[in-house]
Amino acid sequence: MRLDTLLIEAFCYFCKKSFLMGAENNLQVLLQDPDLSADLKHIAAKVLNHERITFDEGVLLYEKGELGYLGTLANYIREERHGDKTYFNRNFHIEPTNLCVYDCKFCSYSRLLKQKEEGWEYTMDEMFDIVKKYDDEPVTEVHIVGGVLPQYDVPFYTELFSRIKKHRPELHVKALTPVEYHYIFKKAKIDYATGMKMMMDAGLESIPGGGAEIFHPEIRDQIAKDKCTADQWLAIHEEWHKLGGRSNATMLYGHIEAYKHRVDHMERLRELQDKTGGFQTFIPLKFRNKDNQMSNVPESTVIEDLRNYAIARIYLDNFDHIKAYWAMISRTTAQLSLNFGVDDIDGTLDDTTKIYSMAGAEEQNPGMSTKQLVELIKQVGRHPIERDTLYNVITDYNDYQFAEEPKPQYYKLPVIN
Ligand code: SF4
């Protein structure tokens, strides 16, 4: 058994016991702990009093905060906001192409134009056929994101979005990141405000959180030099928020960045959120090292992944939700993350994304039925809620009985006379 797994099992035993005492009580116990340093106690008191922590305190949490301490703080915030509620949605992905004009060093997904034979480029009709495949399925969202190629331009995407909305008006279109928007608006010689308005008019309803990577130029210039800068990424989300749109934000962590770069990343997001309030969810993305130009960089441990979720929950006091992509981090770690600030584990996916599997994620064909997702959440004592993209409740699964649930089998026992 791996050391990570052993530690987590031991920690879960502790968690189960301590959760019976209640999240607030745990925090009070922590504050009385004579062995806890004064600076960490000060941060715990801030969390209890709903005070914002500073940049330096964010770095301190990364440097000194142990898993149990961070989990106690993050779970207190999570349960205060959401109780045991854990959200997921029913969605499918369309990835227009895995060819890309950019060459991000961490990317396991894209193939350069010279590797065309290894790639796919869907036409408008092919993408529309994927949408039609789900006509009889109770999905609420289509998530569209992929590589960047010249033929996927403003007219292409506005037509795609309006065709989807015309065909199925209730299907929420969540599509493209500032990486694509910056590229296509520049090509069309239109500013961000005009471009985002055109997208909204065509049917775009939300922007996913991708393309953020690490904002700080010391790291961004090394791993994603050519695509949109941090300021451009933030400016596109700001324009979208000004139009009343909602969006998400990610952070690719666990490679060559230092803790101060992670905190800087979250600080920039927290500042924009103070201004616009348009972000819904923060999604830490674990760097995976399969088949990319950074394969020599080791991946973060599960312990570090859980610490990172917890610190994000503590630092981003103005974000409603922290999400873990189960397809990226494995089902077990997703379950564990629910004790470290996470309240959302994404969607059913239906094996429609290659982004995680190509990067080396454990899930090579990611897809779960609603029932499986619900069971995954219930197994760790949380309360499953199917949401739409904007977190309206679609179904509360706490006491829900699945119609197709298999009946228990009883076998006759031998009778001994
Ligand atoms: S991360 Fe995105 S922008 Fe960068 S190479 Fe991969 S697909 Fe292209």
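For the structure given in this document, a descriptive report is provided here. (Residues numbered from 1 in each chain as written. Predicted model: local features only at pLDDT ≥ 70, side-chain atom pairs only at ≥ 80, totals over all residues. Heavy atoms only, no water.)

In terms of regular secondary structure, the protein is built from 17 helices and 11 strands. Expressed as a percentage of the 417 residues in the protein, the buried residues total 59%. The long-range share in the protein, meaning contacts at least 24 apart out of those at least 6 apart in sequence, stands at 74%. As presented, the protein carries roughly 18400 Å² of accessible surface, and 52% of it is formed by carbon and sulfur atoms. (Helix = DSSP H or I, 4+ residues; strand = E, 2+ residues; numbered from the N terminus. Buried < 20%, exposed > 50% of the residue type's maximum accessible area, 1.4 Å probe, protein only. Contact = heavy atoms within 4.5 Å. Areas by Shrake-Rupley, 256 points an atom, 1.4 Å probe, with all protein chains shown as cover.)

Read across the open sheet, the four strands follow the order 9-1-10-11; overall the sheet is mixed. Both outer strands of the open sheet, strand 9 (344–347) and strand 11 (393–396), are each paired with one neighbouring strand and no more. In this sheet, neighbouring strand axes are inclined to one another by 30 degrees on average, regardless of whether the strands run parallel or antiparallel. (Pairing = 2+ DSSP bridges. Axes fitted to C-alpha atoms, helices over the stretch in contact; angles between N-to-C directions.)

Moving on: the site of the ligand. All residues adjacent to the ligand are Cys100, Tyr102, Cys104, Phe106, Cys107, Ser110, Gly147, Val179 and Lys227. Looking at the shell around the ligand residue by residue, the class counts come to six nonpolar, two polar and one charged. (Near = heavy atom within 4 Å. Nonpolar A, V, L, I, M, F, W, Y, C, P; charged D, E, K, R; others polar.)

Secondary-structure assignment places Lys286 in strand 7 (residues 279–286). With relative accessibility at 7%, the residue Lys286 sits in the buried group. Between the C-alpha atom of Lys286 and that of Tyr253, which follows or precedes it by 33 residues, the distance is 5.5 Å.

This part is about helix 13 (residues 302–315). Taking 1.5 Å of rise per residue, the 14 residues of helix 13 would be expected to cover 20 Å, and the 20 Å separating its terminal C-alpha atoms lies within 8% of that figure. Here helix 13 lies mainly inside the structure; 14 of its 14 residues are buried. (Expected span 1.5 Å × (residues − 1).)

For the rest of this paragraph, the subject is helix 9 (residues 192–202). All of the buried residues in helix 9 are Tyr192, Gly195, Met196, Met199 and Ala202. For helix 9, the buried positions fall inside an angular range of 120 degrees around the axis, keeping them on one side. Here the buried face of helix 9 lies against helix 7 (154–167), helix 8 (178–188), strand 5 (206–207) and helix 11 (230–242). Immediately beyond the C-terminal end of helix 9, within one or two residues, lies Gly203, with a positive phi of roughly 130 degrees. (Arc of directions from axis to C-beta.)

With a phi close to 55 degrees, Lys189 is a non-glycine residue in the positive phi region. In this fold, Lys189 is placed in the loop between helix 8 and helix 9. Judged by relative accessible area, Lys189 falls into the exposed class, the value being 76%. Positive phi outside glycine occurs at Glu213, with the angle close to 50 degrees.

Following the criterion strictly, the structure yields 18 aromatic pairs and no others. Plain terms: the ring middles of Tyr62 and Tyr259 are 4.8 Å apart, the flat faces sit at 10 degrees to each other, and that makes the pair stacked. On the criterion of sequence distance, the pair formed by Tyr62 in helix 4 (residues 55–64) and Tyr259 in helix 12 (residues 259–276) is long-range, its members being 197 residues apart. According to the relative accessible area criterion, Tyr62 is buried, its value standing at 1%. Here a set of aromatic residues connected by ring pairs shows up, and it is made of Phe215, Trp233, Phe279, Phe282 and Phe319. (Phe/Tyr/Trp six-rings, centres within 6.5 Å; stacked < 30°, edge-to-face > 60°.)

Tracing the backbone shows Asp388 in the loop between strand 10 (383–387) and strand 11. Buried within the structure, Asp388 lacks any salt-bridge partner; Arg387 is the closest side chain of opposite charge, at an N-O distance of 6.1 Å. Among the polar contacts listed, one links the side chain of Asp388 to the backbone nitrogen of Leu390, at a separation of 3.0 Å. There is a polar contact of 2.8 Å between the side chain of Asp388 and the backbone nitrogen of Asn392. Discounting chain neighbours no more than four positions away, the residues touching Asp388 are Thr140 and Ile394. (Lys, Arg positive; Asp, Glu negative; His and termini not counted. Salt bridge = Lys/Arg side-chain N within 4 Å of Asp/Glu carboxyl O. Polar contact = N/O pair within 3.5 Å; in protein donor to acceptor, adjacent residues only side chain to side chain.)

A separate point is the packing of helix 12 against helix 13. Helix packing geometry: the angle between the two helix axes and the distance between the axes. Packing of helix 12 against helix 13 leaves a shortest axis separation of 11 Å and a crossing angle of 35 degrees. Of the two possible hands of crossing, helix 12 and helix 13 adopt the one that is right-handed. Two secondary-structure elements touch here, helix 12 through Tyr259, Arg262, Val263, Met266, Glu267 and Arg270 and helix 13 through Glu304, Arg307, Asn308, Ile311, Ala312 and Tyr315. Grouping the amino acids of the contact of helix 12 with helix 13 by side-chain chemistry returns six nonpolar, one polar and five charged. (Left-handed = near helix turned anticlockwise from the far one by under 90°.)

Here we come to the pairing of strand 2 (residues 91–94). By the alternation rule, side chains of strand 2 split into Asn91 and His93 and Phe92 and Ile94, which are all buried. Strand direction decides the pairing type here: strand 2 and strand 3 (residues 141–144), joined by four bridges, are parallel. Residue pairing in the sheet places Phe92 in a bridge with Val142 of strand 3.

Evaluated as defined, the whole model comprises 28 salt bridges. A salt bridge links Glu205 to Lys165; the shortest N-O distance between them is 2.9 Å. Taken together, the positions of Glu205 in the loop between helix 9 and strand 5 and Lys165 in helix 7 put the pair 40 residues apart, joining distant regions of the chain. Residue Glu205 is classed as partly exposed on the basis of its relative accessible area of 29%. You can call Lys165 buried: its relative accessible area is 16%.

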